[in-house]
Amino acid sequence: MAAFVDLEASWGSRRLPFRLRRAEVKRLRIVVDPEGRVAVTAPLHATDEAVMARVSRRGDWIQRQQERFARWRPRTPARQYLSGETHLFLGDQLRLQIEPALAQGVEKQGNRLVVGLGQAKSRSLVRELVQHWYAAQARHVLRARWEAQRGVWARHGAQASRVIVRPLRNRWGSMTPAGTLVLNSDLVRASPQLIDYVIAHEMTHVLHPDHGKEWRGLLTRVMPDWEQRKARLESQLL
């Protein structure tokens, strides 16, 4: 069984920690995961010094990958769940209105998100009710956005075996090797155009696992303005 070793290289004044695994491979491979962590697979005969030197030489590429993933991560600000606070839903700002006299529940009324507490007076209950409402909306809205695109992707020979909507800590979406489309429930805060971009981004990975020329070409054919949508998603604090 291959053992993992935690090492650290340097690139200029920057430290580059990474996890090393030795295996029966011919070439050294460096991977940066969506959380910015660096993993290296090296041939059995490679010394620690040789591996660290190689990682150092790839420092510029590693930094670019980490910065790219950082731009792709959700950045949800801390919420206080107080009346007057704004919450995003499908790209629109909703003002939170807490009504202790109303029956317990949450309802969207125009540009307001009205929270009834019944007889309770607890901010933690407000948080629980609002989060439950968002989760229910996310399951409905995100699956509906996927259904709207299903036919387009079927014509290109790409299908998702199933769709899962759940919280994701560091990504808006992912496509598993088994063909499961996973969407971050927080996406329900974004506009439908941006939701559609995330779905298209991940569906393109069914046919092209990396972000190379073929991936970009297919995504451009399906969604010509995807780069503008991507920039908008990255610039918004959702």
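Residues numbered from 1 in each chain as written. Predicted model: local features only at pLDDT ≥ 70, side-chain atom pairs only at ≥ 80, totals over all residues. Heavy atoms only, no water.

**Student:** Help me understand the packing of helix 3 (residues 123–155) against helix 4 (residues 192–207), please; the structure alone is not making it clear to me.
**Tutor:** At a closest axis distance of 10 Å, the pairing of helix 3 and helix 4 adopts a crossing angle of 55°. Relative to helix 4, helix 3 is oriented oblique. When you trace helix 3 past helix 4, the crossing you get is right-handed. Contacts from Val141, Leu142, Arg145, Trp146, Gln149 and Trp153 of helix 3 reach helix 4 at Pro192, Ile195, Asp196, Ile199, Ala200, Met203 and Thr204. Looking at the contact of helix 3 with helix 4 residue by residue, the classes come out as nine nonpolar, two polar and two charged. (Axes fitted to C-alpha atoms, helices over the stretch in contact; angles between N-to-C directions. Helix = DSSP H or I, 4+ residues; strand = E, 2+ residues; numbered from the N terminus. Parallel < 35°, antiparallel > 145°, perpendicular 65-115°, else oblique. Left-handed = near helix turned anticlockwise from the far one by under 90°. Contact = heavy atoms within 4.5 Å. Nonpolar A, V, L, I, M, F, W, Y, C, P; charged D, E, K, R; others polar.)

**Student:** What should I look at first to understand helix 1 (residues 48–57) in this one?
**Tutor:** Each full turn of the α-helix corresponds to 3.6 residues, which orients residues three or four apart in the same direction. Inspection of helix 1 places Val51, Val55 and Ser56 among the buried residues, and these make up the whole buried set. The buried residues of helix 1 occupy one face: seen down the axis, they fall within an arc of 140°. Of the exposed residues in helix 1, the ones pointing more than 90 degrees away from its buried face are Glu49 and Arg57. (Buried < 20%, exposed > 50% of the residue type's maximum accessible area, 1.4 Å probe, protein only. Arc of directions from axis to C-beta.)

**Student:** What exactly am I supposed to notice about the sheet that holds strand 7 (residues 105–109) here?
**Tutor:** Hydrogen bonds along the backbone pair up the strands of a sheet, which may run parallel or antiparallel. The strand order across the open sheet formed by four strands is 5-6-8-7, and the pairing between neighbours is mixed. Bordering the open sheet on either side are strand 5 (86–89) and strand 7, each of which pairs with just one other strand. On average, each strand axis in the sheet is tilted by 35° relative to the strand beside it, whichever way the strands run. By the bridge criterion, five bridges tie strand 7 to strand 8 (residues 112–116) in an arrangement that is antiparallel. Across the sheet, glutamate 107 pairs through a bridge with valine 114, a residue of strand 8. Along the sheet, helix 3 contacts strand 5, strand 6 (92–99), strand 7 and strand 8; its crossing angle with strand 8, the most-contacted strand, is approximately 125°. (Pairing = 2+ DSSP bridges.)

**Student:** Sorry if this is basic, but what is going on with the nonpolar core here?
**Tutor:** Side chains of a nonpolar character, in soluble globular proteins, are inclined to be buried together. Formed by 44 residues in total, the largest nonpolar core has its most connected members in Leu181 and Met203. Sorting the residues of this core by element identifies strand 6, strand 8, helix 3, strand 9 (162–166), strand 11 (180–184), helix 4, helix 5 (213–222) and helix 6 (226–235) as the ones contributing at least two each. Broken down by element, the residue count for this core peaks at eleven residues, all from helix 3. Those residues in contact with leucine 181, other than ones at most four positions away along the chain, are Trp146, Ala160, Arg162, Val163, Ile164, Ser174, Met175, Ile199, Glu202 and Met203. Ranked by size, the runner-up nonpolar core spans 16 residues in total, among them Leu7, Leu16, Leu28 and Phe69. (Core = buried A, V, L, I, M, F, W, Y, C linked by side-chain atoms within 4.5 Å.)

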